[in-house]
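Observations on the model geometry
This is what each chain is made of:
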Amino acid sequence: MKEVNKSIPKKEGLGLSFGKPAYTDDLAPRDSLIVKVLRSPFAFARIKDIRTEAAEKLEGIKCVLTYRNVPRNIVTRAGQGYPEPSPHDKFIFDKYVRYIGDEVAAVAAENEAAALEALKLIEVDYEILEPVLDYEKAVDHPSVIHPEKEAHEMFPIGYKPERNIAAEYHMSFGDMEEALDKCEYVVTERYYTQAQNHTAMETHTSLAYVDLQGRLTIVSSTQTPFHARRIAAEALGLPIEQIRVIKPRIGGGYGGKQSLHGEFITALTALRTGRPAKLVYTREEVFEASYTRHPMRIDVTIGADRDANIKAIDMKVLSNTGAYGEHALTVFMVAGSKTLPLYNKAEAVSFGGTVVYTNTTPAGAFRGYGAIQGNFALESTIDILAENIGIDPMEFRTRNMIKEGESSPVFRIMGEGTEGVDMVMESCKLDYCMKRAMELSGWKDKSKRRRQNGKKIKGIGGAIAMQGSGIPCIDMGSAVLKLNDGGFFNLMIGATDIGTGSDTILAQIAAETLGVSTDKIAVYSSDTDLTPFDCGAYASSTTYVSGNAVQKAAMKMKAQIEAAAADRLGLLTEESEFDGEAIWAKDRSKSISLKELSTELYYSYKQKQLLVCGSYCGEISPPPFMAGFAEIEIDIETGKIDLVDYTAVVDCGVTINPKLALIQVEGGLVQGIGMTLYEDVKRTEEGRLLTNDFIKYKIPTRKEINKLTVEFAESYEPTGPHGAKSVGEIGIDTPPAAIANAIYNAVGVRFTKLPITPEDVLLALKKKAFDMD
Amino acid sequence: MAMDISFVVNGKRVNIYGNPTARLLDALRDYCGLTGVKEGCGEGECGACSVLVDGKLVNSCIYPIAKVEGKEVLTIEGFRGTEKYEVLKESFEAAGAVQCGFCSPGMLMAAESLLRENPKPDEVQVREAISGNLCRCTGYNTIVEAVLDASIRGEGLW
Ligand code: FES
Ligand code: FES
């Protein structure tokens, strides 16, 4: 391997730190209209009347949009494949507003001041309705959040809007009762995970204009340009051929930009006014009106026999999708489908539950996508069970966890919204990850000893995790590779680099396959007119799915180059061989350099363009695995939890670019740590968001993060491009359980609710001391 | 009330007739076309909009333009092309400290500000100095590593 498993600097890294114009807002023409959105002050209300005349008359106002003058087509903004597993339950604007922050109207003005002034002049009469704010009381609540008759599911997902149910699902195999009967040890526990905000540093931004051909162009900070085009066409009632979506650089996504936010409004403004229009969310809008992670209540029961073999796992989930059902079914299913296979020898497994609507900010895709929630519940329970049995929790895990060459019935039963696919783990180095993480973190010694130093007590805990590599049989990626005169290539990919470095990684895969160096590949990505289709950047799919497409294209290109050279050299095609520089006769008798060949091909000898396309849709979704260990220190006087060290050993197959893989894991860990210890979306009793800035919503800064130790297992996934699996999400999954387990190890208190704050710790310690007295 | 405000940006004099409470961030991005200055929060909490005013690190999103009257502003665009910038940029690249890159210009300005005051910071000082700059992509470690590396490789520059 020459070009992969190599830390090539990101292709665009230089340009970015230079601060060159690269992101959506940087690219907006100076005369763009500024779009602002009027948002609902009530959690649930019906708009009785809306008067916009005063706003329209204001100087500088070019356009005012409300439910009265926009197309009424119901869609889901989720940004998923088609047909979507999310209910269609969203209009561009509606008579009903369903959470504080929901869109009521939009104005477009020559400048921001006028736009803001116009918002104040819009008069709305609301009929205030009783909101549903507690998701545990949402089912059959007297208030029905989606009474509109148009709301529907695209295929059966258990959609029952009249009961506030956005999705429902159940599955089981084996005889649960019988299996539990055989168990000497059974633990049942209830867990709660909270809403979390993505807080990408670039806020959601969209720009739209009508081009010289009269077509609508949307430039957007989207993770899914092709889905965005399809959904925008549907919502606007516009022929899809009238729309082009371009994704420039993105300042972070993490799932938050998988869906559409703002695109419908800027598009309509541009169409109505003929002017470019941009909508840049404020930070407050991102908090209030983009997405959060789905909050969940998870009940887990695990049973083990007297020899510490796990026999039964039952998981029941109640998930809160907020005001709209984006990703409702799939995130909830992943809570099971990407955790339960970890313990694949259980005889009986059941999983099920309900996803409910509430009058809160909608939930959506967020790195980890349910797996982090499920992992917290499962991996905390594993520790409790191990203690009951009296076995070291890591030994317990090692005995029961999935190994290379094995499978799990869960893979076949559960997909994302549909049935899954059978697969055998052709690469699974979980046993190595576990052993190595134990070594690196000093588990053996540290876990057994009480480590108190005055008011500070240290603890250590761990967890294992898995994710996927794309959505098999549904999501497709493709690549076009073009040879240019002079012997360099253009790689055109629909894949969406959201800051992850996928443009670089995909170029490396192409280079490795062709045998050329990566700097011979110029990449263009994510433009629905100019690049081939790709589902987009989600579900950890880019390296594996788009990477396989690139590899296929590059193999075809290599074959075409060899054929053209053979013709030129008077050989049979099988007799020629491209080594990255030149094409040789296999007997080394003659050769022609790629540079020479390509120049001749375009100017002087049997002229023709070499251009190939490869596309790939996975038949399986090989999971990356990892073991994560947290070492923490608790101040028993203040309850403060310091993360001393986090050790992660990851099996993501071959790392195409080790440095970029490392940042993916580290970045994921830090978001997981944030979710465990600080990040919490808080609301008032009326449903008004309290945590709407970085002062009240704390994400980890450099000061909170101490040591992160990340290593990769040696692993090769035979179905992956050059042996790779995915790495984008796996890093986020273990911190909640690992840290909760570490806290238990330190002070003997079990936390089952996230986040775990100093106040919670103090309270629990006091209660424990009181109970002991 | 609008007034005349005159200051120097990246070595060039700028005269603006405008509202004195307007944000320096908007003056730089919209008026001067310096898009390297990013807005991440607009509330002085993320550091994406960091620039130097008379050598001091400020969040330009909460800095009224009236306050820059007669002062010198340095943005990433002006810092670019200096030897110190080259060293920092190379260190950021080598450490893999640039992910989505949205925080990077502000991060580089914060690093420059630290190294001006303290050319040989230790790890704790680096962490402290750039704790006002949020990054949601990386685990921060690579950024700290980059700044420490720059302070070594760029010895004598600061
Ligand atoms: S934009 Fe200025 S500190 Fe965040
Ligand atoms: S690199 Fe994305 S926010 Fe720092």
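What this report covers is the structure whose coordinates are included nearby.

We now examine the overall build of chain A. Regarding its fold elements, chain A presents 20 helices and 27 strands. In summary, chain A has a C-alpha radius of gyration of 27 Å against a globular reference of 28 Å for 773 residues, a match within 12%. In chain A, which comprises 773 residues, the share counted as buried stands at 66%. Of the contacts made within chain A by residues no fewer than 6 positions apart, 80% connect residues no fewer than 24 positions apart. Per element, the accessible surface of chain A, about 26400 Å² overall, is 51% carbon and sulfur. Once the 89 positive and 106 negative side-chain charges of chain A are each reduced to a mean point, those two points are 3 Å apart.

All names here are of chain A. Of all eleven residues making up helix α7 (residues 263–273), eight are buried, and the element is well covered by its neighbours. Buried within α7 are the following residues: Glu 263, Phe 264, Ile 265, Thr 266, Ala 267, Leu 268, Thr 269 and Ala 270. Residue Gly 274 follows α7 closely and has a positive phi angle near 75 degrees.

Let us now look at the environment of Gly415(A). All names here are of chain A. Positionally, Gly 415 belongs in the loop between α12 (409–413) and α13 (430–441). Since its relative accessible area comes to 11%, Gly 415 is described here as buried. Between the C-alpha atom of Gly 415 and that of Leu 133, which follows or precedes it by 282 residues, the distance is 30 Å. Dropping the residues within four chain positions of it, Gly 415 is found in contact with Met 333 and Gly 420.

So, on to the interface of chain B and chain A. Chain B puts 48 residues into the contact, and the matching count from chain A is 52 residues. When chain B packs against chain A, the two sides together hide about 4000 Å² of surface, and 52% of this comes from carbon and sulfur. Area buried by chain B at its contact with chain A is led by Glu93(B), Gln99(B) and Arg136(B), which between them contribute 21% of it. Run the count over chain B and chain A and you get five salt bridges.

Moving on: the sheet that holds strand β2 (residues 45–51) of chain A. In any sheet, the strands associate via hydrogen bonds between backbone groups, in a parallel or an antiparallel arrangement. Residues and elements named next belong to chain A. In spatial order, the strands read β4-β2-β6; together these three strands make up an open sheet with antiparallel pairing. Sheet topology places β4 (96–97) and β6 (123–128) at the edges, where each strand pairs with a single neighbour. Bridge count for β2 against β6 is six bridges, and the pairing is antiparallel. Following the sheet pairing, Ala 45 is matched in β6 by Ile 128.

What counts, and where the lines are drawn
- Residues numbered from 1 in each chain as written.
- Chains lettered and ligands numbered in written order.
- Predicted model: local features only at pLDDT ≥ 70, side-chain atom pairs only at ≥ 80, totals over all residues.
- Heavy atoms only, no water.
- Helix = DSSP H or I, 4+ residues; strand = E, 2+ residues; numbered from the N terminus.
- Rg over C-alpha atoms; globule rule 2.2 N^0.38 Å.
- Buried < 20%, exposed > 50% of the residue type's maximum accessible area, 1.4 Å probe, protein only.
- Contact = heavy atoms within 4.5 Å.
- Areas by Shrake-Rupley, 256 points an atom, 1.4 Å probe, with all protein chains shown as cover.
- Lys, Arg positive; Asp, Glu negative; His and termini not counted.
- Charge placed at Lys NZ, Arg CZ, Asp CG, Glu CD.
- Buried area = accessible area lost by both parts, 1.4 Å probe.
- Salt bridge = Lys/Arg side-chain N within 4 Å of Asp/Glu carboxyl O.
- Pairing = 2+ DSSP bridges.

Just distances and angles here, no functional claims.
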